[in-house]
Every structure is written in C-alpha cells, then in structure tokens.
Amino acid sequence: MKSMSLLLGICFLLSACATNQKSRLATTGIGIGVGAAIGAATAPEDERAELHAMYWGGIIGVISAVAANFYFSDEKDMEVMRLETEKMKAQLDFFQNGPATLLKETTGKADKKYFQSGKAKIKLYKIDQWVDEGPNKKYHRDQMIEILPLDKAE
C-alpha cells in the first residue's frame, strides 16, 4: 500500500506540467502507473502480480499516450500563434503605410503587356500619408491604386 501511495504521489507531481509535450509525457506516465496499480491489484493469487502490473501498465499507458496526443495537440497553439502573427503584421502595415480606405473596386481591361489575361481587378484606396523626399522636402499621398491580375476564367 505504501508503494501505491508513493506511485500516486509521483503521478500527481508529473501531472503538474506547463507545456503540451510535458503534459503528454505526464499523462502517459500516469496511465502506466494507474495500469500497473490495477494490474497488481487484480492479479489472481496463483499468478505473479508484477507481470500483471506490467501488462496492464503497458496497455493503459499506450491508450493514455494516444489519447494525450489528441487532447494536448499543438495545432491549437499553432493556430493562436498564426492569428497573433497576422494581427502583428496588420498592425505593422498600418504603422508603415497609414490607414487606407477602399473607395472603389472594379474589374476591367488591363494592358496585356503586364497582365496575360488582359483583365484585372482594380482597387482605389484613399490614404493619408506624408513621405520624406530628402532632408528638405515632404509630399502627401492621398490615393493609392492596386491592380491585381485575373485569370482568363474570371
């Protein structure tokens, strides 16, 4: 009984981890420990309890490892980091280029020299930006046009 209490105490200490990798390892360790305890406790008297502990520990350990890989997936963290990166890029773009307001968006003909399909999506933005041109000159930008090529199917 004393060894079971010690084993459960170690399992609780292992479960207090911060990262997904440590959480997966802790869950696997807890599964092995619980399986070993169940196997030793349910072993018939005429058989060796440590063999049952190893069998049960291995089986429940593998099951808990597979479950932990699904539960403590890194995809959630990657998605959060991707969204934070997009937000920071948008903020950086805002600070570098100033606010831009879309005024008009049309589809029309474009010069085939630059666009293979001969069609383009044209966006007209209103911007408010001062640009330095040398030490003594500044000029103001108030409009920006963006021309995006379209496929022939569009």
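The following paragraphs examine the structure supplied in this document. (Residues numbered from 1 in each chain as written. Predicted model: local features only at pLDDT ≥ 70, side-chain atom pairs only at ≥ 80, totals over all residues. Heavy atoms only, no water.)

**Topic: helix 3 (residues 49-71)**
Okay, step 1: The end-to-end C-alpha distance of helix 3, which contains 23 residues, comes to 32 Å, matching closely the 33 Å that a straight helix rising 1.5 Å per residue would cover.
Okay, step 2: In this fold, the buried residues of helix 3 make contact with helix 2 (20-42). (Helix = DSSP H or I, 4+ residues; strand = E, 2+ residues; numbered from the N terminus. Expected span 1.5 Å × (residues − 1). Contact = heavy atoms within 4.5 Å.)

**Let's talk about helix 2**
Okay, step 1: Taking 1.5 Å of rise per residue, the 23 residues of helix 2 would be expected to cover 33 Å, and the 32 Å separating its terminal C-alpha atoms lies within 8% of that figure.
Okay, step 2: Every buried residue of helix 2 is accounted for by Asn-20, Ser-23, Arg-24, Ala-26, Gly-31, Gly-33, Gly-35, Ala-37 and Gly-39. (Buried < 20%, exposed > 50% of the residue type's maximum accessible area, 1.4 Å probe, protein only.)

**Digging into the pattern of salt bridges**
Okay, step 1: The final tally for this structure, using the stated rule, is 5 salt bridges.
Okay, step 2: The salt bridge involving Glu-50 is made with Arg-48; its shortest N-O contact spans 2.9 Å.
Okay, step 3: Its relative accessible area of 52% is what places Arg-48 among the exposed residues.
Okay, step 4: With a closest N to O distance of 3.7 Å, Lys-121 and Glu-105 form a salt bridge. Of this pair, Lys-121 sits in strand 2 (residues 119-132) while Glu-105 sits in strand 1 (residues 100-109), placing them 16 residues apart in sequence.
Okay, step 5: With a relative accessible area of 42%, Glu-105 lands in the partly exposed category.
Okay, step 6: A network of salt bridges, in which partner residues are shared, links Glu-79, Arg-82 and Glu-86. (Salt bridge = Lys/Arg side-chain N within 4 Å of Asp/Glu carboxyl O.)

**Comments concerning the side chain of Arg-24**
Okay, step 1: Along the chain, Arg-24 turns up in helix 2.
Okay, step 2: A relative accessible area of 14% means that Arg-24 is categorised as buried.
Okay, step 3: Separated by 3.4 Å, the side chains of Arg-24 and Asn-69 make a polar contact.
Okay, step 4: Setting aside residues no more than four positions away along its own chain, Arg-24 makes contact with Ala-68, Asn-69, Phe-72, Ser-73 and Asp-74. (Polar contact = N/O pair within 3.5 Å; in protein donor to acceptor, adjacent residues only side chain to side chain.)

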